[in-house]
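Observations on the three-dimensional arrangement
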Amino acid sequence: MLYTYDNAIHGFSTRLTPEEARSLENQPGILSVLPELKYELHTTRTPQFLGLDKSADTFLESASGSDVIVGVLDTGVWPESKSFVDTGLGPVPSNWKGACEAGTNFSLSICNRKLIGARYFSKGYESKESKSPRDDDGHGTHTASTAAGSVVEGASLFGYAAGTARGMAPRARVAVYKVCWVGGCFSSDILAAMDKAIEDNVNVLSMSLGGSMSDYYRDSVAIGAFAAMEKGILVSCSAGNAGPSSFSLSNVAPWITTVGAGTLDRDFPAFVSLGSGQNYSGVSLFKGNPLPGKLLPFVYAGNASNATNGNLCMMGTLIPEKVSGKVVLCDRGVNPRVQKGAVVKEAGGLGMVLANTEANGEELVADAHLLPATAVGQTYGDAIKKYLFSDPNPTVTVLFEGTKVGVEPSPVVAAFSSRGPNTITPEILKPDMIAPGVNILAGWSGSVGPTGLATDTRRVGFNIISGTSMSCPHVSGLAAILKAAHPDWSPAAIKSALMTTAYVEYKNGQKLQDVATGKASTPFDHGAGHVEPVSALNPGLVYDLTVDDYLGFLCALNYTESEINSVARRNFTCDASKKYSLTNLNYPSFAMGSGSTVFKHTRTLTNVGSPGTYKVSVSSQSPAVKISVEPAVLSFTQMNEKKLYTATFTVSSMPTGTNSFGRIEWSDGKHIVGSPVAFSWN
């Protein structure tokens, strides 16, 4: 036995040969035998950017926010980080059943009224690493402090992004469950942590990891999340970093909140200044002695190497005689961006220009390079190469400009953010929403440098990193705020509030953009839109869901009794006389594929605000999809009153692979309750 499970599933994990596993699967009473799966991590200007610095402050300062507990499944925690100081927090909530577990370099007394729990799970991943909740990676400290870090004044990375750092829910409590190790995050450990977190009484689970693109009854995260949802715990997961290709999402179960990534209005400009007099803007977090004030000789890595992939600046591929004393242009791809700079430095190079190729387009991610370096997009990279290849004596320097705010347009959808459609259930639109996930400043581990490279001996209290791993804890923290404001709301109601109030346009009325295309983003990129937490506190109406609704959803998927039992831990028989339909799951968004010309979706809205009369407005970007809603007016006279409506989508045929989008909005003049519509001819 590695683990026995009581809450997330009823079962145990153990080591078996394939023959033993098959034999066990055929025993009576055994529902399923799942192989161990490896999940990967999806790797503060933000409160201000989200409008939390103003109106929500009064609420955040209220004592109620401090009773909410955010559980974070990740690489552990660096408890000494200033983000976990417990000044001003009252006693640990009385319903908390969790604990701090001692381990290597981690004593019980290290927890406090902020960091109220710390556990580690490593039986599924046997390794030489120190057995302890301590974070030797940085990722877990970053996500936990993003969700619920305390207010820290004077935070920055080498002076970049300087200001006051604070989590989304700075008064919420943090409980850390270390499930990720150097070799990855294994499903038996993840499930054991979810099992424990449910028992410990967390209110929100934040999981910046993913990996399984399998049916829900085979996906440990989906199974554990179902049990958590049933206990009233909202589960927030990252969408994945496999964008901009379509169908690249993970964590797509409807009872999970799936979060994509957008940019902030903040940048870290560093210019490439060529001998020809041209300047090209890039980004960098380099801190140290700048390049000498004069122009330096410039060389393309592909011409300073005998390796076929010499242009990528892989370890040991650069010829020192051709690089020494020069600035090197390396192409992005394959090995880590910061490692390329380390390779240039080791070969005697003085600086680096990192150029995007087609794979990354104009996506710029800032790094704390180990030598003077900047990263440029594909267009500028190509222009710089043109100069490099045509000038007999090319020269260059890099100029660092620090931190710039007020960048327009923002947010834009990050190119790396995973995209829909949903491969498991196309009728559920995913991702659910986007939140800030590019160049995010948050707490860091004291045992690793900002680049994570072994050769990086620098130590920092805060680091700037990017990924849907960063956007997920933003939503986890916002969910904690909503839970504190509305303790009786279900996870589905909280998710609905975040989705229906999300925005899809900039203040100037233009549509949100996708950095991957330079054009307007779609619901397959941004879901319901970018979170708008202040509006989410008072959404007017919500689309609520119960366990029974999700069981009906599993029936609509034609799951067998044992498959339903695997997900929902109960003997449940679908009612043969009932017609189950995926289109009737009370989800705050609408998605459909071809296969019919008329789709009818029923939805129920619950009033969570003042009485009011809501009128519907619909829009469809293509004449091929006509949307009508019946009734067109809904009147609510009291709190928690429910009203039903039917949306009918009439579709004419279009070429396969075409997508079309629309929107359904209910408004009483004060609130707008918006839902995206996505249609794909597949």
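Cut-offs and rules
- Residues numbered from 1 in each chain as written.
- Predicted model: local features only at pLDDT ≥ 70, side-chain atom pairs only at ≥ 80, totals over all residues.
- Heavy atoms only, no water.
- Pairing = 2+ DSSP bridges.
- Helix = DSSP H or I, 4+ residues; strand = E, 2+ residues; numbered from the N terminus.
- 1 Å grid on protein atoms, 1.4 Å probe; cavity = no way out; pocket = protein on both sides within 12 Å on 5 of 7 lines; lining within 4 Å.
- Points joined across faces, edges and corners; volume = space filled by probe spheres on them.
- Buried < 20%, exposed > 50% of the residue type's maximum accessible area, 1.4 Å probe, protein only.
- Contact = heavy atoms within 4.5 Å.
- Core = buried A, V, L, I, M, F, W, Y, C linked by side-chain atoms within 4.5 Å.
- Axes fitted to C-alpha atoms, helices over the stretch in contact; angles between N-to-C directions.
- Left-handed = near helix turned anticlockwise from the far one by under 90°.
- Nonpolar A, V, L, I, M, F, W, Y, C, P; charged D, E, K, R; others polar.
- Polar contact = N/O pair within 3.5 Å; in protein donor to acceptor, adjacent residues only side chain to side chain.
- Salt bridge = Lys/Arg side-chain N within 4 Å of Asp/Glu carboxyl O.

**Describing the sheet that holds strand β35 (residues 642-651)**
- Taken together, the four strands give an open sheet; going across it, the order is β29-β31-β35-β33, and neighbouring strands pair in antiparallel fashion. The open sheet has two edge strands, β29 (541-542) and β33 (625-630), and neither has a second partner.
- Alignment of strand β31 (residues 598-607) against β35, held across nine bridges, turns out to be antiparallel. Following the sheet pairing, V598 is matched in β35 by T650.

**A short note on the layout of surface pockets**
- For the second largest pocket, the calculated volume is near 1200 Å³.
- Lining the second largest pocket are 45 residues, with A502, Y503, V504, E505 and Y506 sitting closest to its centre.
- Among the secondary structure elements, those contributing two or more residues to the lining of the second largest pocket are α2 (46-49), α12 (523-526), β32 (612-620), β36 (659-667) and β37 (672-680).
- With four residues, the single largest contributor to the lining of the second largest pocket is β36.

**Considerations on the pairing of strand β8 (residues 173-178)**
- Of all six residues making up β8, six are buried, and the element is well covered by its neighbours.
- Of the two faces of β8, the one holding R173, A175 and Y177 and the one holding V174, V176 and K178 are both buried throughout.
- Note: strand β4 (residues 69-74) against β8, six bridges, orientation parallel. Bridge pairing in β8 links L73 to Y177.
- Sheet topology note: the strand β5 (residues 115-120)/β8 ladder contains five bridges and is parallel. Following the sheet pairing, G117 is matched in β8 by A175.

**Side note on the side chain of S220**
- Mapped onto the secondary structure, S220 falls in helix α6 (residues 220-230).
- Residue classification places S220 among the buried positions, given a relative accessible area of 7%.
- Sequence-distant contacts of S220, that is, excluding residues within four places in its chain, are made with Y39, S187, L191 and M194.

**Quick look at the nonpolar core**
- Ranked by size, the top nonpolar core spans 105 residues in total, and within it I190, F226 and W255 carry the most contacts.
- In contact with F226, other than residues within four places in its own chain, are W255, V547, Y550, L551, L554, V567, A568, R569 and R570.
- Grouped together as the second largest cluster of nonpolar side chains are 37 residues, A347, A368, A373 and V448 included.

**Structural notes on the packing of helix α14 (residues 547-556) against helix α15 (residues 561-568)**
- One way to put it is that α14 packs onto α15 with a least axis distance of 10 Å and a crossing angle of 145°. Note on packing geometry: the crossing formed by α14 with α15 is right-handed. Contacts between α14 and α15 involve L551, L554 and C555 from the former and I564, V567 and A568 from the latter.
- Classifying every residue of the contact of α14 with α15 gives six nonpolar, no polar and no charged.

**Here's the deal with helix α8 (residues 337-346)**
- Across the ten residues that make up α8, a large majority, seven, are buried.
- Of all the residues in α8, the buried ones are V338, Q339, K340, G341, A342, V343 and V344.
- Buried residues along α8 sit against α7 (320-323), β19 (327-331) and β20 (351-355).
- G348 sits one or two positions beyond α8 and adopts a positive phi of about 95°.

**Some words on unusual backbone geometry**
- Residue P244 follows G243 across a cis peptide bond; omega there is 0°.
- Turning to its location among the elements, P244 is positioned in the loop between β13 (234-238) and β14 (257-262).
- Here the bond from E630 into P631 is cis, since omega is -10°, no more than 30 degrees from zero.
- As for its placement among the helices and strands, P631 is situated in the loop between β33 and β34 (633-636).
- One non-glycine residue, F158, lies in positive phi territory at about 55°.
- Mapped onto the secondary structure, F158 falls in the loop between β6 (152-157) and β7 (160-165).
- For C313, which is not a glycine, the phi torsion comes out positive at approximately 55°.
- Its place among the elements puts C313 in the loop between β18 (296-300) and α7.

**Focus: α6**
- Of all eleven residues in α6, ten are buried; the element is thus mostly enclosed.
- Buried within α6 we find S220, V221, A222, I223, G224, A225, F226, A227, A228 and M229.
- The N-terminus of α6 is capped by D219, whose side-chain oxygen sits 3.1 Å from the backbone nitrogen of V221.
- The first or second residue beyond α6 is G232, which carries a positive phi of 85°.

**Regarding the pattern of salt bridges**
- According to the stated counting rule, one finds 18 salt bridges in the structure shown.
- We note a salt bridge from E80 to R134, for which the minimum N-O separation is 2.9 Å. Of the two residues, E80 is situated in the loop between β4 and β5 and R134 in the loop between β5 and α4 (139-148); the sequence distance between them amounts to 54 residues.
- Residue class for E80 comes out partly exposed when judged on its relative accessible area of 44%.
- As a salt-bridge pair, R663 and E665 come within 2.8 Å of each other at their nearest N and O atoms.
- When salt bridges with common partners are traced through the structure, they connect E101, R119 and D200 into a single cluster.

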